[in-house]
Amino acid sequence: MNLPNSLTVARLIMIPVFLLAASMKCHYADYIAAGIFITAAITDGLDGYLARKKNQTTLLGQFLDPVADKILVAAALIILVEIGRIPGWIAIIIVSREIAVTGLRTVAAAQGIVIAASCLGKIKTVTQIIAISAFLLDNFPFYLINFPFAYVALTFAMVFTLWSGVDYYLAFRLATKAR
């Protein structure tokens, strides 16, 4: 258990704590939940960076890291639907894309093909984290100037979610045709 894997496990442990905070009805619950979510999201970037920099990539990390990422995002989207901040269809589209891309990558791996994370996939992740954070904070501080930042961020997240999903599908088709 190296530091990058420990960060991934910490992210998994933060998910139920985040869900508890997000479902609380007290005054500062939004900020506590957002803080936990953002901290967990930071560990996502940090664990991968440290694993590559320190040459500590492991099979456990390669499995757990994307699983932890998907659980974190899915949990956040579901709680946002539950508390009435985003419509369910948006959560369904984003979670479906995550499952579909994971399936494509699994099928490709079974055929000995590696479909690496793309730049679009990384942009998708960042836009999702920004949008989820904005909704967890109930559009603070942007509601003070009557600017719907959370919805704008969610629109960008949806665009990059769908675009990167198509990109993974095309990469999969290209890789399987080359065989």
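Definitions and cut-offs
- Throughout this description, residue numbers start from 1 for each chain and increase along the sequence as written.
- Residue-level local features of this predicted model are given only where pLDDT is at least 70; pairs of side-chain atoms are given and counted only at 80 or more, and the full residue set underlies all totals for whole chains, interfaces and linings.
- Side-chain measures were taken over the full set of non-hydrogen atoms in the model, leaving aside hydrogen atoms and water.
- A run of H or I in DSSP counts as a helix once it spans at least four residues, and a run of E counts as a strand once it spans at least two, with each numbered from the N terminus.
- A simple rule labels every residue: compare its accessible area, found with a 1.4 Å probe on the protein chains alone, to the largest value its type can have, and call it buried under 20%, exposed over 50%, or partly exposed in between.
- Side-chain rings of Phe, Tyr and Trp (the six-membered ring for Trp) are treated as a pair once their centres are within 6.5 Å; stacked means planes under 30 degrees apart, edge-to-face means over 60, and tilted covers the remaining angles.
- Here an angle of 0 to 180 degrees is reported between the N-to-C directions of two axes, which are lines fitted to C-alpha atoms, with helices fitted over the stretch in contact.
- Working rule for handedness: look at the near helix, and if it is turned counterclockwise from the far one by less than a right angle, call the crossing left-handed; if clockwise, right-handed.
- Residue contacts are defined here by distance: any two heavy atoms, one from each residue, within 4.5 Å place the two residues in contact.
- Here, a salt bridge means any side-chain nitrogen of Lys or Arg that lies within 4 Å of a carboxyl oxygen of Asp or Glu.

Caption draft 1: Structural context of unusual backbone geometry. The peptide bond linking Phe140 to Pro141 adopts the cis configuration, its omega dihedral lying at 0°. Tracing the backbone through its elements, the reader meets Pro141 in the loop between helix H5 (119-136) and helix H6 (149-177). For Asp138, which is not glycine, the phi torsion reads 55° and is therefore positive. Note that Asp138 resides in the loop between H5 and H6. Residues other than glycine seldom take positive phi values, yet Asn139 does so here, at roughly 70°. The topology assignment puts Asn139 in the loop between H5 and H6. Judged by relative accessible area, which is 12%, Asn139 ranks as buried.

Caption draft 2: Inspection of the packing of aromatic side chains at higher detail. Under the defined criterion, the tally for this structure stands at 8 aromatic pairs. Taking the centre distance of 6.0 Å and the plane angle of 50° together, the rings of Phe140 and Tyr143 count as tilted. What makes Phe140 partly exposed here is its relative accessible area of 33%. Here Phe142 and Phe149 contribute two aromatic rings whose centre-to-centre distance is 4.4 Å and whose plane-to-plane angle is 20°, an arrangement assigned as stacked. Using a relative accessible area of 27% as the deciding quantity, one classes Phe142 as partly exposed. Cluster of aromatic residues (ring-pair linked, three or more members): Tyr28, Tyr31, Phe140 and Tyr143.

Caption draft 3: How the structure looks around the packing of helix H3 (residues 59-82) against H5. The N-to-C vectors of H3 and H5 enclose an angle of 35°; their axes lie 11 Å apart at closest approach. For the crossing formed where H3 meets H5, the hand is left-handed. Each of Val73, Ala76, Leu77 and Leu80 in H3 lies in contact with H5, whose residues at this interface are Gln128, Ile132, Phe135 and Leu136.

Caption draft 4: Just the side chain of Thr8, in detail. Its place among the elements puts Thr8 in helix H1 (residues 3-23). By relative accessible area, Thr8 is classed as buried at 2%. Residues in contact with Thr8, not counting those within four places in the same chain, are Asp47, Leu64, Asp65 and Ala68.

Caption draft 5: Local environment of the pattern of salt bridges. All told, the structure shown has 8 salt bridges when counted by the stated rule. Among the salt bridges present, the one from Asp69 reaches Arg11, with a minimum N-O distance of 3.0 Å. With Asp69 in helix H3 and Arg11 in helix H1, this residue pair connects regions lying 58 residues apart in the sequence. With respect to burial, Asp69 and Arg11 carry one shared label: buried. Arg85 is the salt-bridge partner of Asp30, the closest N and O atoms lying 2.9 Å from each other.

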